[in-house]
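Report on the structure
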There are 2 protein chains.
Amino acid sequence: MNIAKTLKPKDQLKPKPADENNLGFGRIFTDHMLLMDYQTGKGWHNPRVEPYGPFTLDPAAMIFHYGQEVFEGLKAYRGEGGHVYMFRPAANIERMNRSCDRLCIPALPNEVVLEAMYELIRVEQDWIPRAEGTSLYVRPTIIATEACLGVKTSATYLFYIITGPVGAYYAEGFNPVRIWVEEKYVRAAIGGTGEAKTSGNYASSLKAATEAHEKGFTQVLWLNACDRQSIEEVGTMNIFFKIAGEVITSPLDGSILPGVTRDSVLALCRHWGMNVSERQLTIDDIIAAAKAGTLEEAFGTGTAAVISPVGSIHFKGQDYQVADGQTGALSLKLYDEITGIQLGKKPDPFGWVVKVA
Amino acid sequence: MNIAKTLKPKDQLKPKPADENNLGFGRIFTDHMLLMDYQTGKGWHNPRVEPYGPFTLDPAAMIFHYGQEVFEGLKAYRGEGGHVYMFRPAANIERMNRSCDRLCIPALPNEVVLEAMYELIRVEQDWIPRAEGTSLYVRPTIIATEACLGVKTSATYLFYIITGPVGAYYAEGFNPVRIWVEEKYVRAAIGGTGEAKTSGNYASSLKAATEAHEKGFTQVLWLNACDRQSIEEVGTMNIFFKIAGEVITSPLDGSILPGVTRDSVLALCRHWGMNVSERQLTIDDIIAAAKAGTLEEAFGTGTAAVISPVGSIHFKGQDYQVADGQTGALSLKLYDEITGIQLGKKPDPFGWVVKVA
Ligand SMILES: Cc1ncc(COP(=O)(O)O)c(C=O)c1O
Ligand SMILES: Cc1ncc(COP(=O)(O)O)c(C=O)c1O
């Protein structure tokens, strides 16, 4: 594949952030981006690296009206030996293509996307921060661009990847979060788009998150849209519970996102010989375990935070502590193991890590 | 309110469409658009009419990632006496603000939006077609514009209105459509965004619509996400059934859009002394009525088509005819009455029509 490259002259590159310990998340972008076009009849074409800059889009572009969109989120790390690593990038691109299928967006060849993404990261590798917990966040996105006000699949799309240095998700370390069990709002129902990574899922989640923040909670625990009992996800993470020695997470029933971190945690726990289940738990099960003292740990999993320990669960006016509000041993072990593998510092028994540069 | 106007010189206006009987829908746009900005701390400000033209948006603009968006759809008509009329425009703008609330977008003052919209329509009034069944389609939209990759409410928004001449929705007259009862995919669940007019609802509907079209059906009949029995909507319309003399539509339970046309049909039928109910019907009720010969009519309601008669319903491999596949008497009467009121040609007992110019 031929990726055309239009690079900025060296003396016009933006200054890199001076303080790698204050990068924040999702606010700083690098000098270049990757673009590729789709047109019915022509297919995906013209992959190219260009200077990062604004899009020019018709006000009738379908993305603004009908939300035909998918995205992904992954990271590149400056790891062992100064090399650039990515963690299971093919898993994200395969998921992007499954999202495309649900959203009626024409699939992209996995190999082309991976190669183009690596190329962009090689171009931008000086942007990858080196401070502990930092990385280069990578955001592949596809938007419908046809200018047409009628609900239908678009005839044209833009695929793009933007990247930016991001900080440690936990500015002050690994702090257990307070979560709110959401009984009013719903994230997704089976038969909907919950297992796709598409903008509408996030738009619909804002109201519950806003109300939970106002009440002092960090994240929302989503329940099944129909039984309003079965556990789904927490915020934008998958969720795990350790109850009486068993590590449990919700099954991929069609309404939750199949997280890459979730899958990695399952693989590691099985590898370690733990008792692991993908099975439906209800909020009543969780509360009962908390009361019985068998709720040993709870944690969210996702690319941004890797592991996010849950300190307490708020349900029907009552707070239930998890692991005395401390970070549990399994949470810590998983965090160390996964970040170690990501940086090429620990053995990689599953071949998860790709050396990009 | 002061609406700044930057108008194109007369000799640079686009040519109006030559053939008003071939306007199609949603492909032709007028010379100008209305814009207004929002910024946290500053509120909504700077309403202005400008030449229609592309937006310049950062690739990280939140609309491309998290879908924080609402829109509306209404029409302006060239009616009786050559005046320009709109039909219940305040109902659409009030609905837009309810959608804003669900999507955590700051509300706009109804009066400001109405005035700005009328102003734009007055500027563009030469674009309003005169052929039967044609109108100027009006699309208010709000998009999140902050450049930030993090799921949160945006700090900046763009409100805009674009307009364009549209044709009769039924090129060849008032043809009953074949509908497919959707059992696999779901449009919205209670607690989700189904009652808001937001892009994600339309994105999630594309897959079912595409599969139904491939099987030869025009529209999808959506069922309740949980019981998979209760009737919700049809395509992007509300749905009515006439069974043994009773006119029935689904109640506004939180998962369907509260259509302005739906509300108008309810008001007219009640005004005519008909037996009208907003109550939950199941697909089994409908099939039973079809078998018993009491399913007298079925029709969709929406701004684009006004009334769309249903000719047959396909459920579990079987086609059930409605009203012998013909357009029913009530469908016709409602279509004539509503379009008559919209054009200022029939008495307007409810004060629905606004003379804009
Ligand atoms: C809704 C949702 N669930 C779960 C996850 C975790 O997925 P991953 O581990 O692939 O980052 C994410 C983040 O991508 C998400 O947005
Ligand atoms: C999902 C949905 N349902 C119903 C309707 C009908 O609403 P209205 O009559 O206000 O056009 C629309 C169109 O706006 C719609 O998009």
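Residues numbered from 1 in each chain as written. Chains lettered and ligands numbered in written order. Predicted model: local features only at pLDDT ≥ 70, side-chain atom pairs only at ≥ 80, totals over all residues. Heavy atoms only, no water.

Next up on the list: the overall build of chain A. Of regular secondary structure, chain A possesses seven helices and 19 strands. Its C-alpha atoms give chain A a radius of gyration of 21 Å, within 12% of the compact-globule value 21 Å for 357 residues. Seen along its three principal axes, the alpha-carbon backbone of chain A occupies a region of about 60 × 50 × 35 Å. Residues classed as buried in chain A amount to 60% of the 357 residues present. By sequence separation, contacts in chain A at least 24 residues apart represent 71% of the contacts at least 6 residues apart. (Helix = DSSP H or I, 4+ residues; strand = E, 2+ residues; numbered from the N terminus. Rg over C-alpha atoms; globule rule 2.2 N^0.38 Å. Buried < 20%, exposed > 50% of the residue type's maximum accessible area, 1.4 Å probe, protein only. Contact = heavy atoms within 4.5 Å.)

Residue and element names in this part refer to chain A. If you check the domain split of chain A, you get domain 1 (4-166) and domain 2 (177-341). One C-alpha centre belongs to domain 1, the other to domain 2, and the line joining them spans 28 Å. The partner domain 2 presents 18 residues to the 18 residues of domain 1 that form the contact. Roughly 1,500 Å² is buried in total at the junction of domain 1 and domain 2, and carbon and sulfur atoms are behind 57% of that figure. When residues of domain 1 are sorted by the area they lose upon contact with domain 2, Phe 71, Phe 87 and Arg 95 head the list and together hold 37% of the total. Counting across the domain 1 and domain 2 interface gives one salt bridge. Asp 263 is the partner of Arg 88 in a salt bridge, and the nearest nitrogen-oxygen pair spans 2.9 Å. Put simply, domain 1 and domain 2 have 11 residue pairs in polar contact (both at pLDDT 80 or more) between them. (Domains from an automatic or database assignment. Buried area = accessible area lost by both parts, 1.4 Å probe. Salt bridge = Lys/Arg side-chain N within 4 Å of Asp/Glu carboxyl O. Polar contact = N/O pair within 3.5 Å; in protein donor to acceptor, adjacent residues only side chain to side chain.)

A few words on the site of ligand 2. Residues and elements named next belong to chain B. Taken together, 15 residues lie around ligand 2, and Lys 197, Tyr 202, Glu 233, Thr 261 and Thr 303 are the ones closest in. At 2.4 Å, a side-chain N or O of Glu 233 approaches a nitrogen atom of ligand 2. Between ligand 2 and Thr 261 there is a distance of 2.6 Å, counted from an oxygen atom to a side-chain nitrogen or oxygen. In the complex, the protein chains occlude 95% of the 380 Å² of accessible area that ligand 2 would expose alone. Contributing elements (two or more residues each) for the shell around ligand 2: strand E13 (237-243), helix H5 (260-271) and strand E16 (295-302). Its residues placed into classes, the shell around ligand 2 shows four nonpolar, seven polar and four charged. (Near = heavy atom within 4 Å. Areas by Shrake-Rupley, 256 points an atom, 1.4 Å probe, with all protein chains shown as cover. Nonpolar A, V, L, I, M, F, W, Y, C, P; charged D, E, K, R; others polar.)

Applying the stated rule across the entire model yields one disulfide over all chains. Disulfide partner of A:Cys226: B:Cys226, at an S-S distance of 2.2 Å. Classification of the bridge connecting A:Cys226 and B:Cys226 rests on its S-S torsion, roughly -90°, and on that basis the disulfide is left-handed. In this pair, A:Cys226 is assigned in the loop between strand E11 (219-223) and strand E12 (231-234) and B:Cys226 in the loop between strand E11 (219-223) and strand E12 (231-234), connecting two distinct chains. When its relative accessible area of 38% is taken as the criterion, A:Cys226 is described as partly exposed. Looking at A:Cys100, it has no disulfide partner, and the nearest cysteine sulfur is the one in A:Cys104, 10 Å off. A relative accessible area of 0% means that A:Cys100 is categorised as buried. With no disulfide of its own, B:Cys148 lies 15 Å from the sulfur of B:Cys104, the closest cysteine sulfur. Taking relative accessible area as the criterion, B:Cys148 reaches 3% and is therefore assigned buried. (Disulfide = S-S within 2.5 Å.)

We now examine the UniProt feature "modified residue: N6-(pyridoxal phosphate)lysine" (unreviewed entry) in chain A. Residues and elements named next belong to chain A. Sites flagged by UniProt as "modified residue: N6-(pyridoxal phosphate)lysine" (unreviewed entry) map to Lys 197. Among the structural elements, Lys 197 can be located in the loop between strand E10 (177-181) and helix H4 (199-214). On the basis of relative accessible area, Lys 197 is assigned to the buried category, the value being 11%. Setting aside its immediate chain neighbours within four residues, Lys 197 contacts Glu 69, Val 70, Phe 71, Glu 72, Gly 73, Arg 95, Ser 99, Tyr 202 and Leu 257. (UniProt positions renumbered as here; feature names shortened; annotations may be inferred.)

For the rest of this paragraph, the subject is the pairing of strand E6 (residues 74-78) of chain B. Residue and element names in this part refer to chain B. Counting buried positions along E6 yields five of five residues, so the element is predominantly enclosed. Every second residue of E6 is oriented toward a common face, with Leu 74, Ala 76 and Arg 78 on one face and Lys 75 and Tyr 77 on the other, all of them buried. In this sheet, strand E8 (residues 135-144) lies alongside E6 in antiparallel orientation, the contact comprising three bridges. Looking across to E8, one finds that Ala 76 is bridged to Leu 136. Bridge analysis of E6 against strand E7 (residues 84-87) gives three bridges, and the strand direction is antiparallel. Residue pairing for E7: Tyr 77 is matched across the bridge by Tyr 85. If you look at the hairpin formed by E6 and E7, you'll find five residues sitting between the two strands, and Gly 81 has a positive phi there, around 75°. (Pairing = 2+ DSSP bridges.)

Another aspect to go through is the site of ligand 1. All names here are of chain A. Near ligand 1 there are 15 residues, and of these Lys 197, Tyr 202, Glu 233, Thr 261 and Thr 303 occur at the shortest range. Glu 233 is positioned with one of its side-chain polar atoms (N or O) 2.4 Å from a nitrogen atom of ligand 1. Here an oxygen atom of ligand 1 sits 2.7 Å away from a polar atom, N or O, in the main chain of Val 260. Protein burial of ligand 1: of its 380 Å² of free accessible surface, 95% is covered by the chains. For the shell around ligand 1, the elements supplying multiple residues, two or more each, are strand E13 (237-243), helix H5 (260-271) and strand E16 (295-302). Here the shell around ligand 1 is built from residues that sort into four nonpolar, seven polar and four charged.

As a further point, take the interface of chain B and chain A. Taken residue by residue, the interface counts 60 residues in chain B and 60 residues in chain A. Together chain B and chain A conceal approximately 4,800 Å² of surface at their shared face, both sides included; 62% is due to carbon and sulfur atoms. It is B:Pro59, B:Phe64 and B:Leu149 that lose the most area in chain B upon contact with chain A, and together they represent 14% of the buried surface on that side. Summed over the shared surface of chain B and chain A, the result is four salt bridges. Among the salt bridges present, the one from B:Glu146 reaches A:Arg27, with a minimum N-O distance of 2.7 Å. Our enumeration of links across chain B and chain A arrives at 26 residue pairs in polar contact (both at pLDDT 80 or more). Counting only elements with at least two residues in the side of chain B that touches chain A, the list comes to strand E4 (55-57), helix H1 (63-66), strand E5 (69-71), helix H2 (89-102), E8, strand E9 (156-166) and helix H4 (199-214) of chain B.

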